[in-house]
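Coordinate analysis (summary)
Spelled out, the chains give:
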Amino acid sequence: MIRVVDYRFNETTKYLEQYYLTHNLRYLNDNKSVEENNKLYLPQDESQNLLNIKARVIKNGKVINTFDQRDFIQVSEDGQKYNMLAVKGLEPGMLLETIFALKVNDYDLYGDEYMQLSVPVKRAEFYLLCPSHLEFNCKSYNNFNKVEDSVVDNCRIYYSDTNNLPAFDKEEKYSLQNANKHRVEYVFHQNLDNREVNAKWPELGRTFFDRMNANYEKNEKDLEKLLNSSKYIVTGK
């Protein structure tokens, strides 16, 4: 399993852009895993442009079937739109390989990648790529290996990998399951060209608060009218 977060400058617009790639290679060891993987879903999101989808089926080391973006159809379930691929002819013992590449239009300079799934992962790799004059702070959690960084050809590369991740037990009674998963968190630190610093977690918290409350004053009177007209009022008495 590979996750790549890629920030790069558009040479035409001179703006920073974000791309995202995920690469999975699944071993189908029984009929249950075949059933779980015979349909692939990729949610459609207005904030993302799908650049490429590829899939292939491998049996005894030979590629027996390939798929691309033309083989996916658009479906809607529970109000959510998806790109869906029906993978026919899967059998236990086969490998299913998929690659999704996206351009993220409404991106942030921070985020996280959860590297632990409901099935065991033989090898998980995390990459964050950006121009060499940009620096990020990356931190791994729950025994995912430390993130290292290097610079190659004006590209700064943050990288970490971990082998043999166990399946995450959904039956465990965690109050917040994601907090206990192997993951990597990242946040922009500074621009070395102009020494502009520093998206810190408290500042990001304030940013989230401002976004969530951006229209509160505008809608406050409407909310008061709605509450006053409701027959179900909680007074706290």
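Let me begin by describing the structure that accompanies this report. If you're wondering where the values come from, they're calculated on a predicted model, not measured in any experiment. (Residues numbered from 1 in each chain as written. Predicted model: local features only at pLDDT ≥ 70, side-chain atom pairs only at ≥ 80, totals over all residues. Heavy atoms only, no water.)

1. Observations concerning unusual backbone geometry
Condition: Type-normalised accessible area, obtained with a 1.4 Å probe on protein chains alone, sets the label of each residue: buried when under 20%, exposed when over 50%, and partly exposed for intermediate values. Helix and strand definitions follow DSSP, with helices as H or I runs of at least four residues and strands as E runs of at least two, each counted in order from the N terminus.
With phi around 65°, K14 is a residue other than glycine that occupies positive phi space. The exposure class assigned to K14 is exposed, which follows from its relative accessible area of 55%. Even without glycine at this site, N164 takes up a positive phi of about 55°. Structurally, the position occupied by N164 is in strand β13 (residues 155–165). Residue class for N164 comes out exposed when judged on its relative accessible area of 60%.

2. Re the pattern of salt bridges
Close approach of charged atoms allows side chains of opposite charge to pair. Counted only if it meets this: Basic side-chain nitrogens of Lys or Arg form a salt bridge, by our definition, when they fall within 4 Å of a carboxyl oxygen of Asp or Glu.
The final tally for this structure, using the stated rule, is ten salt bridges. Between E11 and K14 there is a salt bridge, with its nearest N and O atoms 3.7 Å apart. Here E11 falls in the exposed class, since its relative accessible area comes to 61%. In this structure, the salt-bridge partner of R183 is E185, at a minimum N-O distance of 3.0 Å. Assessed through its relative accessible area of 16%, E185 is described here as buried. Overlapping salt bridges bring together R123, E125 and D161 as one network.

3. Brief notes about the pairing of strand β11 (residues 134–141)
Operational definition: Two strands make a pair as long as DSSP finds a minimum of two bridges between them.
Residues L134, F136, C138 and S140 of β11 are buried on one face, while the alternating residues E135, N137, K139 and Y141, pointing to the opposite face, are not. With eight bridges connecting them, β11 and strand β14 (residues 183–191) associate as antiparallel partners. The residue bridging F136 from the neighbouring strand is F188, located in β14.

4. Digging into the nonpolar core
Selection criterion: Only buried residues count toward a nonpolar core, which is a set of Ala, Val, Leu, Ile, Met, Phe, Trp, Tyr and Cys residues joined through side-chain atoms within 4.5 Å. Contacts are assigned to residue pairs with any non-hydrogen atoms lying within 4.5 Å of each other.
Counting residues in each nonpolar core, the largest one holds 38 residues, and the members touching the most others are Y7, V87, L128, F136 and Y186. With five residues, strand β10 (residues 121–131) is the single largest residue contributor to this core. With residues near it in sequence (within four places) discarded, F136 still touches Y7, L109, L128, C130, Y158, Y186, V187, F188 and H189.

5. What to know about the packing of aromatic side chains
Put simply, the rule is: A pair of Phe, Tyr and Trp rings is counted when the ring centres sit within 6.5 Å of each other, with Trp represented by its six-membered ring. The angle between the planes then sorts it: under 30 degrees is stacked, over 60 is edge-to-face, the rest tilted. Placement of a charge over a ring requires the Lys NZ or Arg CZ to be within 6 Å of the ring centre, with the centre-to-atom vector within 35 degrees of the ring normal.
Under the definition given, this model contains eight aromatic pairs. Pairing Y7 with Y107 gives two aromatic rings, centres 6.0 Å apart and planes at 65°, and the pair type is edge-to-face. With Y7 in strand β1 (residues 2–9) and Y107 in the loop between β8 (95–104) and β9 (110–114), the pair connects residues that are 100 residues apart, well separated along the chain. Exposure remark for Y7: the relative accessible area of 2% places this residue in the buried category. Overall, Y107 belongs to the partly exposed group, its relative accessible area being 24%. Following the ring pairs from residue to residue traces out a cluster consisting of Y7, Y107, F126, F136, Y158, Y186 and F188. For the cation-ring pair, K181 lies above F168, with the distance from its terminal atom to the ring centre recorded as 5.3 Å. Positioned above the aromatic ring of Y141, the side-chain terminus of R183 is 4.2 Å from the ring centre.

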